[in-house]
Amino acid sequence: MTEGYCPKGICDGSGWLLDEETSDARPCECRAQRIQEGRRRLGTGIPKRFRGVGWDRRPVVDMNPGIVRHVKDFARKIDWNLEAGKGLWFYGDVGTGKTSLAMLVSKAAIDAGRDVAVYSVPHLLADIKATYEDGSGSSYLELFRRLASVDLLHLDDLGAEKRTEWVLEQLYSLVNERWQNQRSIVVTTNIEDRDELREQIGRRTVSRLTEICGDPLPIMGRDLRIPKSA
Ligand SMILES: Nc1ncnc2c1ncn2[C@@H]1O[C@H](COP(=O)(O)OP(=O)(O)OP(=O)(O)O)[C@@H](O)[C@H]1O
Ligand SMILES: [Mg+2]
């Protein structure tokens, strides 16, 4: 829905109706729909390349069957897992299929009618930074509140971000908020070594992610983007 247009043809597109006599504003019928659509827009959604992912398709069909079974069970019980604030965490080298597998979990949540925010971590940090640069404290708080409360936060490529004190603080605040409220997170990362990960994203953040997601699941193999013969 675009700003400046009321689908019900009632308000001026702002989502509010002004009583001219009392100067009181009351919500238009379109406001609830606006809020719902606003929620849906959080994150990038499932990126085009991953819209066709499937359990029986490559690259997932070629992965370790024990790990795929575990993730499939998680996806099958997605409502229960989201209510319990449980997540998953995938690590492995470049191009092994981590994001594809993680997207299947997010798709299961979306299909179950849940609010899901899919972000690569560098993109998420850029969005947060943009609200700072707006000079508008309320838009930062609004984004943070939504990121903290969405049913599933999918963080792709954790560890690919440039490490600064500000980044560490943002990651900690968000992960801590979700951990406190028992909200799910799905993570992919290229960083295998836990000490290296602690160094990159902070000990306290790694600790909380481990409680939410359990031990990281190894997704091993060759870089599937490069042909076997290369
Ligand atoms: N639906 C699909 N069908 C066929 N191949 C796919 C599909 N989705 C992804 N792939 C291929 O699988 C390979 C790796 O996938 P993916 O991006 O999930 O790896 P990754 O482990 O997340 O990599 P990185 O660590 O670089 O982020 C790529 O070659 C990609 O083109
Ligand atoms: Mg990936």
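All residue numbers here refer to positions counted from 1 along the written sequence of the relevant chain. The order in which chains are written sets their letters, starting at A; the order in which ligands are written sets their numbers, starting at 1. Residue-level local features of this predicted model are given only where pLDDT is at least 70; pairs of side-chain atoms are given and counted only at 80 or more, and the full residue set underlies all totals for whole chains, interfaces and linings. Values shown for side chains rest on all heavy atoms present in the structure; no hydrogens or waters enter the calculation.

Trainee: An account of the domain arrangement of the chain is needed here, citing residue identities and associated values.
Mentor: Start and end positions for the domains come from either an automated domain assignment or a database one. Per the domain assignment, the segments of the chain are domain 1 (1–41) and domain 2 (43–218). The straight-line distance from the C-alpha centre of domain 1 to that of domain 2 is 32 Å.

Trainee: Account for the site of ligand 1, with residues named and values stated.
Mentor: Consider each residue's heavy atoms; a residue with any of them within 4 Å of a molecule or strand counts as near. Lining the immediate environment of ligand 1, one finds 17 residues, of which G97, K98, T99, S100 and R225 sit closest. Two N or O atoms form a polar contact when they lie within 3.5 Å of each other; inside protein one atom must be a possible hydrogen donor and the other a possible acceptor, and for residues adjacent in sequence the pair counts only when both atoms belong to side chains. Between ligand 1 and the protein, one listed contact pairs an oxygen atom with a backbone N or O atom of G95 at 2.9 Å. Between N190 and ligand 1, the recorded distance is 2.9 Å, taken from a side-chain N or O atom to an oxygen atom. Throughout, the Shrake-Rupley method with a 1.4 Å probe supplies accessible areas, and for residues the shown protein chains are the sole cover considered. For ligand 1, the accessible surface in isolation is 640 Å², of which the surrounding protein chains cover 81%. When each cavity is represented as a set of grid points, ligand 1 is found to reside in the largest pocket. Ranked by residue count, the leading element in the shell around ligand 1 is helix α4 (residues 98–111), at 3 residues. Counted by class, the shell around ligand 1 contains 5 nonpolar, 7 polar and 5 charged residues. A cavity here means a set of 1 Å grid points, computed over protein atoms only, where a 1.4 Å probe fits but cannot escape. A pocket is an open set with protein on both sides within 12 Å along at least 5 of 7 lines, and lining residues have an atom within 4 Å of a point. For a cavity or pocket, the test is whether more than half of a molecule's atoms lie within 2 Å of its grid points; if they do, the molecule sits there. In this description a helix means any DSSP run of H or I spanning at least four residues, a strand means any run of E spanning at least two, and both kinds are numbered starting from the N terminus. By the convention adopted, Pro, Cys, Tyr, Trp, Phe, Met, Ile, Leu, Val and Ala count as nonpolar, Lys, Arg, Asp and Glu as charged, and the other residues, Gly among them, as polar.

Trainee: Go over the packing of aromatic side chains, please, and point to the residues and values.
Mentor: Any two rings among Phe, Tyr and Trp, with Trp reduced to its six-membered ring, count as a pair given centres within 6.5 Å; such a pair is stacked if its planes are under 30 degrees apart, edge-to-face if over 60, and tilted if neither. Summed over all chains, the structure comprises 3 aromatic pairs. A centroid spacing of 5.0 Å and a plane angle of 75° characterise the contact between Y132 and Y140, whose relative ring orientation is edge-to-face. Accessibility here uses a 1.4 Å probe with only protein chains present; expressed as a share of the type maximum, an area under 20% marks a residue as buried, one over 50% as exposed, and anything in between as partly exposed. Given the relative accessible area of 40%, Y132 is considered partly exposed. Ring-pair connections join several aromatic residues into one group, and the members of that group are Y132, Y140, F144 and W166. The lysine or arginine in question, R208, covers the ring of W179, its NZ or CZ lying 4.9 Å from the ring centre. Counted as over-ring charges are cases with an Arg CZ or a Lys NZ within 6 Å of the ring centre that also lie within 35 degrees of the ring normal.

Trainee: Can you tell me about the layout of surface pockets, naming the residues and giving the values?
Mentor: Grid points are joined across faces, edges and corners, and a volume is the space filled by probe spheres set on the points. Space inside the largest pocket adds up to approximately 550 Å³. Looking at the lining of the largest pocket, the elements with two or more residues in it are α4 and β5 (152–158). Examining the composition of the lining of the largest pocket, we find that 3 residues originate from one element, α4, more than from any other. Per-class residue counts for the lining of the largest pocket are 5 nonpolar, 8 polar and 8 charged.

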